[in-house]
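# Observations on the three-dimensional arrangement
Below, each chain spelled out in residue letters.
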Amino acid sequence: MLNPVAIVGQVILYGAFAAFIGYFATSPKYRQVADDIALIKLSISHLGDRECRKRTPEELAKLPPNMRAPMDCPRERSDIRLEVDLDGQAAFRTTMHPTGLYKEGVSTVYKRFELKAGTYQLAVRMNDNLIKPGFNFVKEAQIKLAPGQVMVIDFNPDRGGLFFK
């Protein structure tokens, strides 16, 4: 036979548990950033270029005929140098190293910048082959960030390199 006291006790406990879950499902309010802050997220994964060199005629002559490729390209990938400037000031500098046992994998970086909402001059420069001087990918733009906005800096060689979205 069911005990009425046990049933009332279960109803009270289940009700208290539901109220507890209901309260924390809606309160306190979670905010990723303050109301007047915007985010810039730098998220890049890229294969560095191979650091190839041209073989000399003497080197080619020493090789068997079936091995005479004019370019010598090692398995390893180049490190990638990346610079981010905000309003002409250095905001982030890094050298990304390739992953993998033989350093043939992708180089990855993730960085998050919290800024007051407003207008900024943003410049991003990247060199994926450190044998060559300078930067082979450059993107500069004046950006306007609204409160709560999240802007992403990414890289896609099919879209022309660096881009902001």
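First things first, this report covers the structure right here in the doc.

So, how was this worked out
Residues numbered from 1 in each chain as written. Predicted model: local features only at pLDDT ≥ 70, side-chain atom pairs only at ≥ 80, totals over all residues. Heavy atoms only, no water. Helix = DSSP H or I, 4+ residues; strand = E, 2+ residues; numbered from the N terminus. Rg over C-alpha atoms; globule rule 2.2 N^0.38 Å. Buried < 20%, exposed > 50% of the residue type's maximum accessible area, 1.4 Å probe, protein only. Areas by Shrake-Rupley, 256 points an atom, 1.4 Å probe, with all protein chains shown as cover. Lys, Arg positive; Asp, Glu negative; His and termini not counted. Charge placed at Lys NZ, Arg CZ, Asp CG, Glu CD. Core = buried A, V, L, I, M, F, W, Y, C linked by side-chain atoms within 4.5 Å. Contact = heavy atoms within 4.5 Å. Pairing = 2+ DSSP bridges. Axes fitted to C-alpha atoms, helices over the stretch in contact; angles between N-to-C directions. Salt bridge = Lys/Arg side-chain N within 4 Å of Asp/Glu carboxyl O.

With that settled, consider the overall build of the protein chain. A tally of regular secondary structure across the protein chain gives two helices and ten strands. For the protein chain, the α and β elements follow one another from N to C terminus as α-β-β-α-β-β-β-β-β-β-β-β. For the protein chain, the C-alpha radius of gyration of 28 Å lies well beyond 15 Å, the compact-globule estimate for 165 residues. On the principal axes, the C-alpha backbone points of the protein chain span a range of 100 × 50 × 25 Å. Put simply, the protein chain has 165 residues, and 28% of those count as buried. Approximately 11200 Å² of the protein chain is accessible, and the part contributed by carbon and sulfur atoms is 58%. Here the protein chain holds 23 positive side-chain charges and 18 negative ones, and the gap between their average locations is 3 Å.

Moving on, we come to the nonpolar core. Ranked by internal contacts, the top residues of the largest apolar core, which has 25 residues, are Ile 40, Leu 42 and Leu 122. Those elements that provide at least two residues to this core are strand 1 (37-46), strand 4 (80-86), strand 5 (89-96), strand 6 (107-116), strand 7 (118-127), strand 8 (137-145), strand 9 (150-156) and strand 10 (161-164). In contact with Ile 40, other than residues within four places in its own chain, are Leu 86, Lys 111, Arg 112, Phe 113, Leu 115, Ile 143, Leu 145, Met 151 and Ile 153.

The next subject is the sheet that holds strand 9. Strand order in this open sheet of four strands is 6-1-9-10, and the pairing throughout is mixed. Either end of the sheet is taken by a strand with one partner, and the two such strands are strand 6 and strand 10. Neighbouring strand axes in the sheet, compared pairwise and without regard to direction, differ in orientation by 15° on average. Looking at chain direction, strand 1 and strand 9 are connected through four bridges and run parallel. Bridge pairing in strand 9 links Lys 41 to Val 152.

Moving on to the pattern of salt bridges. Side chains bearing opposite charge may pair, as long as their charged atoms lie close to each other. Taken as a whole, this structure holds nine salt bridges when the rule is applied. Put simply, Arg 125 and Glu 83 hold a salt bridge, and the shortest N to O gap is 3.0 Å. Residue Arg 125 is located in strand 7, and its partner Glu 83 is located in strand 4; the two are separated by 42 residues in the primary sequence. Residue classification places Glu 83 among the buried positions, given a relative accessible area of 16%. Taken together, the shared-partner salt bridges connect Arg 53, Arg 55, Glu 59 and Asp 72 into one network.

Moving on, we get to the pairing of strand 10. Here strand 9 runs beside strand 10; their pairing, made up of four bridges, is antiparallel. Residue Phe 155 lies in a different strand from strand 10, and its bridge partner there is Leu 162. In this antiparallel pair of consecutive strands, strand 9 and strand 10, the connection spans four residues, and Gly 160 shows a positive phi of 95°.

Glancing now at the sheet that holds strand 5. On the basis of which strands lie adjacent, the open sheet formed by four strands has the order 5-4-7-8 and antiparallel pairing. At either margin of the open sheet sits one strand with a lone partner, and together these are strand 5 and strand 8. Within the sheet, the average angular offset between the axes of one strand and its neighbour, ignoring direction, is 15°. Across seven bridges, the pairing between strand 4 and strand 5 is antiparallel. In the sheet register, Leu 82 faces strand 5, and the bridge partner there is Thr 94.

Shape descriptors only; they carry no functional weight alone.
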